[in-house]
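# Structure assessment
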Amino acid sequence: MTTFLTFTILGLVLGAVYAIAASGLVLTYNTSGIFNFAHGAQAMLGAFLYWQLAYGWGWPVWLALVVVLGVVGPAMGGLLHALIMKGLRDTADVTKIVVTVAVLLGMVYLSQWIWHPEEARIVEMFFGSNAKVEFSGVVIRVHEIICLVVAAAIAIGLRLLFTRSRVGVVMRGAVDDPDLLRLNGHNPERVAALSWMMGSTLAVLAGILITPIGGGALQANALTLLVIDAFAAAMFGRLRSIPRTFAGAIVLGMTATYVMAYFPSAWTWTSNFRISLPMIILFVVLIVLPQERLRGAAIRTRERYRVPTVRRAAVWGVALVAVVYLLKLLMVETSVSTFALGMTFAIIALSLTVLTGYAGELNLAPLSFGAVATIVVFHFGVVGTGLAARLDVWGVLLAVLVTAVVGGLVALPALRLRGLYLALATLAFGVFLSNMVLRDTTEHTVFGVTFSLFPNGSLIIPPLRIGPLDLRDGDTFLMTATVLFALIGVGLIALRNSGYGRRLAAMKDSPAASAMLGQNLVKLKLSVFMISAAIAGLGSVLMSSAIGSVASENFNVMAGLALLMLTVAAGIGYVSGALFGGLMSGVGFVIIVATFNDLAAANPDLAPVYQAIGSLSVVSTALLGIGVGKSPSGTVHDVVESYRSLRDARPVLVGGAVLEAALYGLTLAGIMDNWWFAILTACLVMMLPVFGRMVMARVAPDEGRPAPHRTPPELVGVDEPYTEELRRELDRELGLSGHDRGPTPGGRRPVRSGAEEGNVHVVA
Amino acid sequence: MTGQAAGGHEMDATSGLSPGTADAGGPEPLLELVAARAAYGPIEVLHGVDLKVEAGSVLALLGPNGGGKSTTMKVCAGLLPLTGGDLRFAGRRVNGISAQDAARLGVCSIPEGRGIFANLSVRENLWVATGTGARMEEMEEAAYSRFPILGKRRNQLAGSMSGGEQQMLALSRALGSNPAVLLLDELSMGLAPMIVTQMYDTVAQLVAEGLSILVAEQFARAVLPIADTAALMLHGRVVSVGRPDEIEEQLSSSYLGG
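Chain B has the name ABC transporter ATP-binding protein in an unreviewed UniProt entry, where Streptosporangium carneum is given as its organism.

As recorded in an unreviewed UniProt entry, chain A goes by the name ABC transporter permease, listed as coming from Streptosporangium carneum. Comment text from UniProt for chain A, heading Subcellular location (unreviewed entry), reads "Cell membrane".

Shown next, in the form of structure tokens:
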């Protein structure tokens, strides 16, 4: 009985801290519509700062608390809102998610830069762990009492705020209709800022309280993920109701402690199970809770993607292979294998292009699907032993197939989920997989077969061999990966241009309209999830064999989030976005950090400066993701748009190409350094549109292109006569191809589908 | 937005709009658009609109769908910035004013659809409506005495009420906050004819109390009896302004595309 009571109290305490964290999350979600993935990172940063003040610098605890909770917490929330979150109105779910994920990663990198991860830091319980009270045999620590009291106070305080104060009521109105708040004389931005300040403070408070409960050791990643467990609690209240969030948090805390208390410790997976319990609960709650109805109106967002034609895509695919071949000639062997690794990441990123870019569904754990493929290929695809070991093509195909099926199985219960909820379900799957499967190093016996999923905590994946094609050679590996990327990329663009692709786009734009047109959304979602998982599986098998020996860290959720973030930053609607996103997350930052470390080693005087720049560039990864808020269509889109104006400036393009060829020649001949080549190429690519516009302006000022028509189209014929030329122009704008045949009233004309928005202008 | 507004208008936010207090000569119109242009992104929808709402008068804005009525209302409420021309409150230029400042100056706008918060209770909706400076007791008194049904439903979620009750709640904001100008956009939308009549009875009562109103309405018959002036909007322009009965005649031909 005493044991039961003790564990009940422990569960209540854990639940109380979850509740504090989750209520902050619900608060910001309700006023700004943004689900803050960085909530855990804010808690982590707050806890680290508290440690720095109270332990690092030895301030009195009360003063440290006042500063961290009274100043740092609100300031962090206020800054986040003013600098980043304010700009996220009218963006797609994926943009909001990626930006907050970027903030999360940035904060984790920042903390690792400031507080070196290998130093041990302990946050002790308030009044020490020996300060305790005893009630009939049950011992409660003072710290635990503080947690309970604080949680209760926050519950009551929030309840009063939301029902008894006008500012609280206005906060609740903010998410419904910010414009209506304006019409009522309120400033929705001020309301949102206030809620971000409060949410951030609650996160920090949760971080400080939970660290000693979890053992006291401060670790950036672990603490961030610990608070992410609170997502499950928030989901109990469907991100709306604070009371139900509190109830959910208590359930969560108690279940976790009871599992710890009563599951036989002989079961090797008990501790893994306990760790992944919140994510299992999150997944179940997501699936069981009633969902919102399909919204009737189209979802209007600021993201815009153009769809290239298959022929153009094929040309670019060939160009990519050629460019990679030429670059390969410049590189030393180690660079080639690094580049090859990056290319495998780019293939994984393609799985996001089709799923998120085309179909608008979200997957926060692309690498987890890859882990499944890797496990399958390790068990069934390796032929030979030692150095002669190779992956067998049938094994790879089997792995891809199994991953597709697993993708379908994960998606199946989650099919009724959309947007954020689906994203959270995949996140839950990813964390569950890393905790349960990838840590499962023990042997199991099923049907007389003894095996272990992840023996020794790492898997050795040999390179692939298909007939005469042996990927042990770095050059062959790189070219094979590139060709595969190009093939899948062109295939995806063909898919996007097909009827299936248009159905995906329609589902993305308006699920309700798509359903009313008789589309089977379930079939569409399931199939696109399977396609995406298959691509991720293929990419991951290649990635694993490029690395050689993979451990669970290679597939953890943070790495997957970074891949998603960089792909979105580059442009998730584009195959080229996947290329850049994959290369950046796979190897880009490794190269940058390694370069600065080399520089630091070479110049000991300047070592601190170089190391600082290296760390800074890692933190600035997050800035890339945060930039998504400013240009939600991605960098590739912006670059393509800037080059669009160059289409008529042939001389500039040719000049640029010649210059680039000359640079390449100089580098190949060894006259110029690779670094100079990279820097000059980057400059050339960036300067060309600017230069082109200057040349165009000088050579043909306002010629060649008709002046934009001043009269708005709907007034043509009212305000000015409807001439033959105007009619042709309108036909061209509308994509009606019959404009040279004269008017055919009532006749059917081939009209391009609206789904191909981007193509309308290229119709001849 | 607010920064621009501060540069653009010289009105101090506390003075409010009041008829007849204009500094220059005769009485200025309370609300005026001069050659106003507005755009959604790159697409211009108002191509130079001129409108005047005189103190104590009712101007009805009529015309078919897509004529720019709702956009004009948004511009007047401060929800959409002008891309050209001027917006004036009581003779003073307030281009770029934010909607919350406009509301505090006494422009009460009831937007198209139901201007209510569906997830707040009736009473909480009224509470939010006190953001323009009204007192909660007055707000509740005004709402419940005019629409007793709202008093009965004060703790019910606004979104769970009927369309007519929701519109009553929206209109209550105008009753309780004592505005200088009322902007009504498609009050009749989606309502039973009987409810529409009841709504416009309430509006007529406000008119009798001397409130200035700009009302956009497709359902012209409901609004013409209370209007002093009517304006016909077509293709983002005001094509004619005149007595309500005159405009009504033109209206039918505009629907027929004549």
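On to the overall build of chain B. Of regular secondary structure, chain B possesses ten helices and ten strands. Considering chain B as a whole, with its 258 residues, one finds that 50% of them fall into the buried category. Contacts spanning at least 24 positions in sequence make up 71% of the contacts within chain B whose residues lie at least 6 apart.

Below, the discussion takes up the packing of helix α1 (residues 2-32) of chain A against helix α8 (residues 188-213) of chain A. All names here are of chain A. Orientation of α1 relative to α8, taken along the N-to-C sense of each, is 160°, at an axis distance of 8 Å. With respect to their mutual orientation, α1 and α8 come out roughly antiparallel. In terms of crossing hand, the pair formed by α1 and α8 is left-handed. In terms of residue class, the contact of α1 with α8 is made up of 18 nonpolar, seven polar and no charged.

This next bit is on the pairing of strand β1 (residues 31-40) of chain B. Residues and elements named next belong to chain B. Of the pairings in the sheet, the one linking β1 to strand β2 (residues 43-53) comprises eight bridges and is antiparallel in character. By the bridge assignment for β2, Arg37 is matched with His47. Counted between consecutive antiparallel strands, the loop separating β1 from β2 contains two residues, among which Gly41 sits at a positive phi close to 60°. Sheet topology places β1 next to strand β4 (residues 84-89); five bridges connect them, and they run antiparallel. Bridge assignment links Leu33 to a residue of β4, and that residue is Leu87.

Moving on, we come to the interface of chain B and chain A. Contact residues are listed per partner, giving 23 residues for chain B and 19 residues for chain A. When residues of the side of chain B that touches chain A are traced back to their parent elements, those giving at least two are β2, α3 (99-104) and α4 (122-129) of chain B. Of the residues contributing to the side of chain B that touches chain A, the split by class is eleven nonpolar, nine polar and three charged.

Along helix α6 (residues 166-176) of chain A, eight of the eleven residues are buried, which leaves the element largely enclosed by surrounding structure. Residues of α6 of chain A that are buried: Gly168, Val169, Val170, Met171, Arg172, Gly173, Ala174 and Val175 of chain A. Contacts from the buried residues of α6 of chain A go to α1, α5 (142-164), α7 (178-183) and α8 of chain A together with α4 of chain B.

What follows concerns the sheet that holds strand β3 (residues 58-62) of chain B. Residues and elements named next belong to chain B. Ordered in space as β6-β7-β8-β3-β9-β10, the six strands form an open sheet in which the pairing is mixed. Each edge of the open sheet carries a strand with a single partner, namely β6 (107-110) and β10 (237-242). Geometrically, the sheet is characterised by an average inter-axis angle of 15° between neighbouring strands, direction not taken into account. Here strand β9 (residues 229-234) runs beside β10; their pairing, made up of five bridges, is antiparallel.

On to the packing of helix α15 (residues 366-380) of chain A against helix α22 (residues 557-570) of chain A, then. All names here are of chain A. α22 packs onto α15 with a crossing angle of 120° between their chain directions and a minimal axis gap of 7 Å. Between α15 and α22, the angle falls in the class oblique. Facing Pro366, Leu367 and Ser368 of α15, the residues of α22 in contact are Ala559, Gly560, Leu563 and Leu564. Partitioning the contact of α15 with α22 into residue classes produces five nonpolar, two polar and no charged.

The next subject is unusual backbone geometry. Residues and elements named next belong to chain B. In this structure, Ala90 is a non-glycine residue whose phi angle is positive, near 50°. Non-glycine residue His235 carries a positive phi angle of around 50°. You can see His235 is positioned in the loop between β9 and β10. With 19 C-beta atoms counted inside 10 Å, the residue His235 sits in the partly exposed group.

Here Leu182 of chain B lies in strand β7 (residues 181-185). Remark: the alpha-carbon pair of Leu182 of chain B and Val207 of chain B, spanning 25 residues in sequence, is separated by 10.0 Å.

Take the pairing of β9 of chain B next. Residue and element names in this part refer to chain B. For β9, the tally of buried residues reaches five of six residues, placing the bulk of the element in the interior. In this structure, β3 lies alongside β9, joined through four bridges in parallel fashion. If you follow Ala60 over to β9, its bridge partner there is Ala230. Once β9 ends, the chain turns through two residues before running back antiparallel as β10, passing His235 with a positive phi of about 50°.

Here the focus is the sheet that holds β2 of chain B. Pairing is antiparallel in the open sheet, where four strands are placed in the order β2-β1-β4-β5 (chain B). In this open sheet, the two edge strands, each paired with only one partner strand, are β2 and β5 (92-93) of chain B.

Right, let's talk about the environment of Leu157 of chain B for a bit. Residues and elements named next belong to chain B. Within the element layout of this structure, Leu157 appears in the loop between α6 (148-152) and α7 (163-177). Since 15 C-beta atoms lie within 10 Å of it, Leu157 is described here as partly exposed. The spacing of Leu157 and Phe117 is 40 residues in sequence and 8.8 Å in space, taken between C-alpha atoms. Setting aside residues up to four positions removed in sequence, Leu157 forms contacts with Asn119 and Ser121.

What counts, and where the lines are drawn
Residues numbered from 1 in each chain as written. Chains lettered and ligands numbered in written order. Predicted model: local features only at pLDDT ≥ 70, side-chain atom pairs only at ≥ 80, totals over all residues. UniProt positions renumbered as here; feature names shortened; annotations may be inferred. Helix = DSSP H or I, 4+ residues; strand = E, 2+ residues; numbered from the N terminus. Buried ≥ 20, exposed ≤ 12 C-beta atoms within 10 Å, placed from the backbone. Contact = placed C-beta atoms within 7 Å. Axes fitted to C-alpha atoms, helices over the stretch in contact; angles between N-to-C directions. Parallel < 35°, antiparallel > 145°, perpendicular 65-115°, else oblique. Left-handed = near helix turned anticlockwise from the far one by under 90°. Nonpolar A, V, L, I, M, F, W, Y, C, P; charged D, E, K, R; others polar. Pairing = 2+ DSSP bridges.

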